[in-house]
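Architecture at a glance
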Amino acid sequence: MDSIQTRKFDLGLVLSVIKTLIYFKVRAIRPTLVKVQRLLLNLSGIHFSSVSLSKIREILSWLQEKGLIEGEGGIYQWGKDQSNVPVSASVQQSKIVAEKMKIAVRAIRILKLIPAIKLIGVCGTVATGNPRESSDIDLFIVTKAGRIWSTRLWIMVLLEVAGLRKKKYKKAGRICLNYLVADDNLELKFKDLYTALEFVSMICLLDRGNTLRKLKMKNLWIKKYLPNAEWPEIEDLNYWQQKIRGQKIKGSKRRLRKIVVAFNLWEKLAMIFQERRIKRKRKKEKGGQVYWGADALIFHPKPKSILFRELYQQELVKQKRVIQGVLGEVESL
């Protein structure tokens, strides 16, 4: 059998793997083989068809033999970690993810009482697998059209009562409501690599009326950045979905559901109340990815997409000679 060194690699594919690893390093994401294959970034502008695990494995093995990447326990990283934290430390991060997900499940058991909610997914660092103990829990929520303002208000009230709502000085393990959309406007407003990766990594925990599938179909632009990515179908229940679906609504919870339905009639009042608060806050906060309206409520006053894009470009400059050397070897194989 031919050795790895004597095999021919596709130059564009090698470059995409390298750039994916560098981008993940910038975002402190330590991917597995499967994640590299599924979230392979098309940062080189090269169009290629679906890439198999075996091809990605060969390239990663070759890069590891050359000492350009670290690989321990099936987890990969470009170069050396300046913090000197071993790659195996990602095992500890998985424990943090599990703790954060337990809190998310607790919140969604309550929020699913709101009938206007069509979908709830966990995004952010919890979904990408690199949270810290101090991290909050980002939720992406789809609501019924014409109910977005009253639904958000109800969510805030219920999370406040449950002690799970994120506050200025209470962030760790709290729920952050920074992205809500109505089900008649599922195409995401901000289209960039960061957003694409966020939503492909999303862990969907509640889906009503095949909303996840509709969301996917309305955002095919994500393939431009992640040509190999696929959102898992909702029928393939994950562990956390089973935790939520196993819960039944009884007694007082049924009465609460009726109250929520009645409250939804106050959509206009909910909009007026919240808009005033948002406008007051926006006087202090300028720029960012912030939008509010009947179709979506998006609050990213300090979007990380710009920061990571700049850090990624800086890292590419640092690694330019190394990358050129690798590509030169690939051409000579």
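These remarks concern the structure in this document. (Residues numbered from 1 in each chain as written. Predicted model: local features only at pLDDT ≥ 70, side-chain atom pairs only at ≥ 80, totals over all residues. Heavy atoms only, no water.)

1. Quick word on the pattern of salt bridges
Using the criterion set out here, one finds eight salt bridges in the structure. A salt bridge links K166 to D136, with the shortest nitrogen-to-oxygen separation between them at 2.8 Å. Of this pair, K166 sits in the loop between α6 (148–162) and β5 (175–182) while D136 sits in the loop between α5 (124–128) and β4 (137–143); the two residues are 30 residues apart in sequence, bridging distant segments of the chain. By relative accessible area, which is 9% here, D136 ends up buried. (Salt bridge = Lys/Arg side-chain N within 4 Å of Asp/Glu carboxyl O. Helix = DSSP H or I, 4+ residues; strand = E, 2+ residues; numbered from the N terminus. Buried < 20%, exposed > 50% of the residue type's maximum accessible area, 1.4 Å probe, protein only.)

2. With respect to the sheet that holds strand β6 (residues 203–207)
Taken in spatial order, the six strands line up as β6-β3-β4-β5-β8-β7 in an open sheet, and their pairing is mixed. If you trace the sheet from one side to the other, it starts and ends with β6 and β7 (289–292), each paired once. For this sheet, the mean inter-axis angle between neighbouring strands, taken without regard to orientation, is 25 degrees. Sheet analysis places β7 next to strand β8 (residues 296–300), joined by four bridges and oriented antiparallel. Residue W292 lies in a different strand from β8, and its bridge partner there is L297. This element, α6, spans β3 (117–123), β4, β5, β7 and β8 of the sheet and lies at about 160 degrees to β5. Sitting on the sheet, helix α11 (residues 267–282) is in contact with β7 and β8, with an inclination near 155 degrees to β7. (Pairing = 2+ DSSP bridges. Axes fitted to C-alpha atoms, helices over the stretch in contact; angles between N-to-C directions. Contact = heavy atoms within 4.5 Å.)

So yeah, pure geometry; function would need other evidence.
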